[in-house]
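Structure at a glance
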Amino acid sequence: MGSVSEICQKCSLPKNVLETASIIYRSLDAKNIQVKGKTVVSISAAVVYMACKQCDVIRSLDEILREVCHERDVKAKTKLASRYYRMLVMELGTVSTSIMSMDKYISKISNMTYTDSRIARLSQATAEKTKDRSLKAGKAPHEIALAYLYIASILLRQSILQR
């Protein structure tokens, strides 16, 4: 449990994610799922990732592990944590992933880059106007959100680097 709370603190996750992760971790013990012998960081990251999915917080497993591990260990731990995550889903079966809206991606990226709120609002309005068109079919949603933010910054004549 200490590792779960440490991960949530380092990733600046909301309190409801920590509470959900602790419930998931306790349910592992209640269902007698073997946690012994497994890497503590990887199993904790898998639990936190599952809690993020349940609470509609957009974080990838890679982002979670980058905050906790050394850079050289991230790839191996991500692979192991994804295996543990699949095991948790098979055993617990409680994950119901909702479709992430473009507004959540835009707000996440604008918060991470400290973008002006006017740019974020304009990009969300642009995304809302174009949601019926098939512009996003087969594209990565975070890249589409970045494009909306960049277009909004150009329209408001504020300089944001494209990269």
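Examining the side chain of Ser-3
- Among the structural elements, Ser-3 can be located in helix α1 (residues 2–10).
- Here Ser-44 takes part through its side chain, which lies 3.2 Å from a polar atom of the side chain of Ser-3.
- Ignoring any residue separated from it by four or fewer positions in sequence, one finds Ser-3 in contact with Val-40, Val-41 and Ser-44.

Quick look at a positive patch on the surface
- A grouping of Lys-75, Lys-79, Arg-83 and Arg-86 is seen on the molecular surface, where their side chains present a positively charged patch.
- For Lys-75, the location among the structural elements is in helix α5 (residues 74–92).

A closer look at the nonpolar core
- The biggest cluster of nonpolar side chains holds 30 residues, and the ones touching the most others in it are Leu-13, Val-17, Ala-45, Val-48, Cys-52, Ile-64 and Leu-88.
- Sorting the residues of this core by element identifies α1, α2 (15–30), α3 (40–54), α4 (61–68) and α5 as the ones contributing at least two each.
- Here this core gets nine residues from one element, more than from any other, and that element is α3.
- Core analysis: the second largest hydrophobic core is formed by twelve residues, Ile-58, Ile-119, Ala-145 and Ala-152 among them.

Observations regarding the packing of aromatic side chains
- Throughout the structure, instances matching the rule amount to one aromatic pair.
- Measuring from ring centre to ring centre gives 4.8 Å for Tyr-49 and Tyr-85, while their planes differ by 70 degrees; the resulting arrangement is edge-to-face. Highlighted residues: Tyr-49 in helix α3 and Tyr-85 in helix α5, separated in sequence by 36 residues. For the pair Tyr-49 and Tyr-85, one class covers both residues: buried.

Some thoughts on the environment of Ser-5
- The topology assignment puts Ser-5 in helix α1.
- For Ser-5, a relative accessible area of 32% gives the class partly exposed.
- C-alpha separation for the pair Ser-5 and Val-17, spaced twelve residues apart in sequence, amounts to 9.7 Å.

Considering the packing of α3 against α4
- Running from amino to carboxyl end, α3 crosses α4 at an angle of 135 degrees, the nearest separation of the two axes being 10 Å. Classified by the angle their axes make, α3 and α4 are oblique. Both α3 and α4 take part in a crossing whose hand is right-handed. Judged by residue contacts, Val-41, Ala-45, Ala-46, Val-48, Tyr-49 and Cys-52 of α3 engage Leu-61, Ile-64, Leu-65 and Val-68 from α4.
- Among the residues making up the contact of α3 with α4, the classes are represented as ten nonpolar, no polar and no charged.

A closer look at the packing of helix α6 (residues 102–112) against helix α8 (residues 141–155)
- The geometry of α6 relative to α8 is characterised by a closest axis approach of 9 Å and an angle of 65 degrees between their N-to-C directions. Overall, the two elements α6 and α8 adopt an arrangement that is roughly perpendicular. Once α6 is placed against α8, the crossing between them reads as right-handed. Counting all contacts with α6, which are made through Met-102, Tyr-105, Ile-106, Ile-109 and Ser-110, the residues of α8 involved are Pro-141, His-142, Ile-144, Ala-145, Leu-146, Tyr-148 and Leu-149.
- Across the contact of α6 with α8, the residue classes break down as ten nonpolar, two polar and no charged.

Reading guide: rules and limits
Throughout this description, residue numbers start from 1 for each chain and increase along the sequence as written. Only residues with pLDDT of at least 70 are given local features in this predicted model, and only at 80 or more are side-chain atom pairs given and counted; all residues enter the totals for whole chains, interfaces and linings. Computation of side-chain values: all heavy atoms of the structure, hydrogens and water removed. Secondary structure elements are defined from DSSP: runs of H or I of at least 4 residues count as helices, runs of E of at least 2 residues count as strands, and each element is numbered from the N terminus. Whenever a nitrogen or oxygen atom comes within 3.5 Å of another N or O atom, the pair is scored as a polar contact, on the condition that within protein one atom can donate a hydrogen and the other can accept it, and that pairs from neighbouring residues in sequence are kept only if both atoms are in side chains. Note on definitions: a residue-residue contact is assigned when non-hydrogen atoms from the two residues lie within 4.5 Å. For patch detection, residues must exceed 30% relative accessible area and be free of salt bridges, and they are connected within 9 Å for like charges or within 5 Å for nonpolar side chains (Val, Leu, Ile, Met, Phe, Trp, Tyr). Each accessible area value is a Shrake-Rupley result obtained with a 1.4 Å probe; residue values ignore everything except the protein chains displayed when judging cover. Any carboxyl oxygen of Asp or Glu that lies within 4 Å of a side-chain nitrogen of Lys or Arg is treated as forming a salt bridge with it. Working convention for charge: Lys and Arg count positive, Asp and Glu count negative, and His plus the chain ends are omitted. Where a charge lies is defined by one atom per residue type, namely NZ (Lys), CZ (Arg), CG (Asp) and CD (Glu). Residues grouped as a nonpolar core are buried Ala, Val, Leu, Ile, Met, Phe, Trp, Tyr and Cys residues, joined through side-chain atoms within 4.5 Å. For the exposure calls, accessible area comes from a 1.4 Å probe over protein chains only, and a residue counts as buried if that area is under 20% of its type's maximum, exposed if over 50%, partly exposed in between. Pairing of aromatic rings covers Phe, Tyr and Trp, the last counted by its six-membered ring, and requires centre-to-centre distances within 6.5 Å; plane angles under 30 degrees mean stacked, over 60 mean edge-to-face, and any other angle means tilted. Lines fitted to C-alpha atoms define the axes, with helix axes restricted to the stretch in contact, and inter-axis angles between N-to-C directions lie between 0 and 180 degrees. Just so you know how the angles are binned, under 35 degrees is roughly parallel, over 145 roughly antiparallel, 65 to 115 roughly perpendicular, and the rest oblique. For a crossing to be left-handed, the near helix must be turned anticlockwise from the far one by less than a right angle; the clockwise case is right-handed. For this classification, the nonpolar set comprises Ala, Val, Leu, Ile, Met, Phe, Trp, Tyr, Cys and Pro, the charged set comprises Asp, Glu, Lys and Arg, and every other residue, Gly included, is treated as polar.

Distances and angles like these do not, on their own, reveal function.
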